[in-house]
Amino acid sequence: MSKVFICDHPLIQHKLTYIRDVNTKTKDFRELVDEVATLMAYEITRNIQLENIQVKTPVATADCRIISGRMLGIIPILRAGLGMVDGILNLIPAAKVGHIGLYRDPETLQPVEYYVKLPTDVQERELIVVDPMLATGGSANLAITALKNRGCVQIKLMCLIAAPEGIEAVQKEHPDIDIYVAAIDDYLNDHGYIIPGLGDAGDRLFGTK
Ligand SMILES: O=P(O)(O)OC[C@H]1O[C@H](OP(=O)(O)OP(=O)(O)O)[C@H](O)[C@@H]1O
Ligand SMILES: O=c1cc[nH]c(=O)[nH]1
Ligand SMILES: [Mg+2]
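Now for a description of the structure that goes with this document. (Residues numbered from 1 in each chain as written. Chains lettered and ligands numbered in written order. Predicted model: local features only at pLDDT ≥ 70, side-chain atom pairs only at ≥ 80, totals over all residues. Heavy atoms only, no water.)

### Re the site of ligand 2
At step 1: Contacts to ligand 2 come from R104, M133, A135, G192, Y193, I194, G199, D200 and A201.
At step 2: With respect to ligand 2, the backbone of I194 contributes an N or O atom lying 2.8 Å from an oxygen atom.
At step 3: Within the backbone of G199, an N or O atom sits 2.8 Å from a nitrogen atom of ligand 2.
At step 4: In isolation ligand 2 has 240 Å² of accessible area, and contact with the protein removes 88% of it.
At step 5: Its residues assigned to classes, the shell around ligand 2 shows 5 nonpolar, 2 polar and 2 charged. (Near = heavy atom within 4 Å. Polar contact = N/O pair within 3.5 Å; in protein donor to acceptor, adjacent residues only side chain to side chain. Areas by Shrake-Rupley, 256 points an atom, 1.4 Å probe, with all protein chains shown as cover. Nonpolar A, V, L, I, M, F, W, Y, C, P; charged D, E, K, R; others polar.)

Here is the structure:
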């Protein structure tokens, strides 16, 4: 069974409070999501493997460690996942980015795929699928399935806010995938919105409503 990690670092929780606030405007919302993505990336990469190397300091040789050789990929689920990409790239600039475009049909709440563009060596990479919201779990499940269908095996899911329903759905369909979230909220309303949540992440990031 996949594990669920709640990133409860005080800085993440503090910024999430302002992300949720209805009075936070687009510019601040975008900056806060970016910052939280960086902080969550710090947590998610905690157990990444290191290699030993030696470097010359100005006065001696030092035994050091680097993460070279680890091939990472960031996979945002469009649109809202885009808001988390730069924050992660700040920490891991060598990561490649693949895009999966999905929108959720407002009537059926089923995800509809409209775009997939992945790095050619995606199967060899350790992937972090990012999306601020895990609601019914349909979008995350479809994105993970799309990656697995292309031969990807090392996949983590990183979301800001999850509904219990979404976590359950991902655990059921993809029990091998670990999930990292900043918060698990109460429930989904009749329109599939996370309560209390933050509203529509894509609209708040891009100012479309
Ligand atoms: O878990 P689910 O029930 O599938 O819902 C979550 C999805 O809904 C939102 O995307 P949306 O469909 O609003 O598209 P957008 O990012 O383009 O706004 C969100 O960013 C997730 O991708
Ligand atoms: O609460 C929700 C649920 C799905 N998508 C969002 O952007 N917000
Ligand atoms: Mg949206």
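### Observations concerning the pairing of strand 4 (residues 72–78)
At step 1: Summarising burial for strand 4: 7 of the 7 residues are buried, a large majority.
At step 2: Of the two faces of strand 4, both are covered, the one formed by L72, I74, P76 and L78 as well as the one formed by G73, I75 and I77.
At step 3: As paired elements, strand 4 and strand 8 (residues 126–130) share 5 bridges and run parallel to each other. Bridge assignment links L72 to a residue of strand 8, and that residue is E126.
At step 4: Of the strand pairs in this sheet, strand 4 and strand 5 (residues 96–97) are connected by 2 bridges, and their pairing is parallel. Its bridge partner being in strand 5, G73 is matched across the sheet by K96.
At step 5: Following the backbone out of strand 4, through helix 3 (residues 85–91) and into the adjacent parallel strand 5, one traces a crossover that is right-handed.
At step 6: Relative to strand 6 (residues 99–104), strand 4 runs parallel, the two sharing 2 bridges. Across the sheet, L78 pairs through a bridge with G101, a residue of strand 6. (Buried < 20%, exposed > 50% of the residue type's maximum accessible area, 1.4 Å probe, protein only. Helix = DSSP H or I, 4+ residues; strand = E, 2+ residues; numbered from the N terminus. Pairing = 2+ DSSP bridges. Right-handed = clockwise from strand over helix to strand, strands pointing away.)

### A short note on the side chain of D178
At step 1: With respect to the helices and strands, the residue D178 is situated in strand 11 (residues 178–184).
At step 2: Look at D178: it is buried, it has no salt bridge, and the nearest opposite charge is K3 at 4.5 Å.
At step 3: One polar contact links the side chain of D178 to the main-chain amide nitrogen of K3, over a distance of 2.8 Å.
At step 4: Beyond its immediate stretch of four places on either side in the chain, D178 contacts S2, K3, F5, I155, K156 and L157. (Lys, Arg positive; Asp, Glu negative; His and termini not counted. Salt bridge = Lys/Arg side-chain N within 4 Å of Asp/Glu carboxyl O. Contact = heavy atoms within 4.5 Å.)

### Describing the site of ligand 1
At step 1: R104, D131, T136, G137 and S139 are the nearest of the 17 residues found near ligand 1.
At step 2: Take R79: an N or O atom from its side chain is 2.8 Å from an oxygen atom of ligand 1.
At step 3: Residue A135 places a main-chain N or O atom 2.9 Å away from an oxygen atom belonging to ligand 1.
At step 4: Alone, ligand 1 offers 500 Å² of accessible surface; in the complex the protein occludes 90% of this.
At step 5: Listing elements by their share of the shell around ligand 1, those giving two or more residues are strand 4, strand 6, strand 9 (133–134) and helix 4 (138–149).

### Thoughts on helix 4
At step 1: In this model helix 4 runs 16 Å from its N-terminal to its C-terminal C-alpha over 12 residues, within 8% of the 16 Å that 1.5 Å per residue would give.
At step 2: Those residues of helix 4 lying buried are G138, S139, A140, N141, A143, I144, A146 and L147.
At step 3: Immediately downstream of helix 4, the backbone of G151 shows phi near 95°, a positive value. (Expected span 1.5 Å × (residues − 1).)

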